[in-house]
Amino acid sequence: VQLQAFGGGLVQAGESLRLSCAPSESIFTFNVMGWYRQAPGKQRELVAVFSMDSGSADYGDSVKGRFFFSTDGAKNMVYLQMNRLKPEDTAVYYCNAQRRQRNYWGQGTLVTVSS
């Protein structure tokens, strides 16, 4: 399984950005999909996780109310809409998919938020 994440870039604080993830297999074959991030010198942390079974999403505390996960089954894509970005959101963002307790990771896309 390959997960191609893209859409990162350099933005100013307060702006928005949308990340996209294109899995090599149907998103409906996964139990969970999500986004994680890793800032320099820090551990990878949860940003958003979405249950493909129940349709419910959960978010990391630092992004609740600002970031939103969505899917497009017709395009076989998942997205992360990031609003009101802050410098502390600067990180490499990774797309994640889980199926039968196996984890799959994309290559990551860098988001840099300037103050």
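This text goes with the structure placed above it.
Let me begin by describing the structure that accompanies this report.

Definitions and cut-offs
Residues numbered from 1 in each chain as written. Predicted model: local features only at pLDDT ≥ 70, side-chain atom pairs only at ≥ 80, totals over all residues. Heavy atoms only, no water. Pairing = 2+ DSSP bridges. Helix = DSSP H or I, 4+ residues; strand = E, 2+ residues; numbered from the N terminus. Axes fitted to C-alpha atoms, helices over the stretch in contact; angles between N-to-C directions. Buried < 20%, exposed > 50% of the residue type's maximum accessible area, 1.4 Å probe, protein only. Phe/Tyr/Trp six-rings, centres within 6.5 Å; stacked < 30°, edge-to-face > 60°. Disulfide = S-S within 2.5 Å.

What to know about the sheet that holds strand 3 (residues 17-23)
Item 1. Sheet architecture is open: four strands sit in the order 1-3-8-7, paired in antiparallel fashion. Across the chains shown, the open sheet's two edge strands, defined by having one partner strand only, are strand 1 (3-6) and strand 7 (67-72). Shown here is a sheet whose adjacent strand axes are inclined to one another by a mean of 20°, direction ignored.
Item 2. Relative to strand 8 (residues 77-82), strand 7 runs antiparallel, the two sharing six bridges. Across the sheet, the residue bridging to Ser-70 is Tyr-79, located in strand 8.

Things to note about the pairing of strand 3
Regular strands place side chains that alternate from one sheet face to the opposite one.
Item 1. For strand 3, a buried count of five out of seven residues is recorded, marking the element as mostly surrounded by other parts of the structure.
Item 2. Relative to strand 3, strand 1 is paired through four bridges, and the arrangement is antiparallel. For Gln-4, the partnering residue across the bridge sits in strand 3 and is Ala-22.
Item 3. Here strand 3 pairs with strand 8 via five bridges, running antiparallel. Pairing of Ser-20 across the sheet is with Tyr-79, part of strand 8.

Quick look at the environment of Lys-75
Item 1. Along the chain, Lys-75 turns up in the loop between strand 7 and strand 8.
Item 2. Counting along the chain gives 40 residues from Lys-75 to Trp-35, while the straight-line C-alpha distance between them is 18 Å.

A short note on unusual backbone geometry
Item 1. Located in the positive-phi region is Asn-76, a residue other than glycine, with phi close to 55°.
Item 2. With respect to the helices, strands and loops of the structure, Asn-76 is situated in the loop between strand 7 and strand 8.
Item 3. Here Asn-76 falls in the buried class, since its relative accessible area comes to 19%.
Item 4. Positive phi outside glycine occurs at Arg-100, with the angle close to 50°.

Concerning the packing of aromatic side chains
Item 1. Inspection of every chain in the model, using the stated rule, returns four aromatic pairs.
Item 2. Here the aromatic rings of Tyr-36 and Trp-105 are separated by 5.1 Å at their centres, their planes lie at 70°, and the arrangement is edge-to-face. Within this pair, whereas Tyr-36 is found in strand 4 (residues 32-38), its partner Trp-105 is found in strand 10 (residues 102-105), the two being separated by 69 residues in sequence.
Item 3. The class of Tyr-36 is buried, set by a relative accessible area of 18%.

Quick word on the state of the cysteines
Item 1. All chains considered together, the criterion is met by one disulfide.
Item 2. At a sulfur-sulfur separation of 2.1 Å, the disulfide partner of Cys-21 is Cys-95. Its torsion about the S-S bond being -85°, the disulfide of Cys-21 and Cys-95 is classed as left-handed. Taken together, the residues span a long stretch of sequence, with Cys-21 in strand 3 and Cys-95 in strand 9 (residues 91-99) at a distance of 74 residues.

Nothing here speaks to function; it is geometry throughout.
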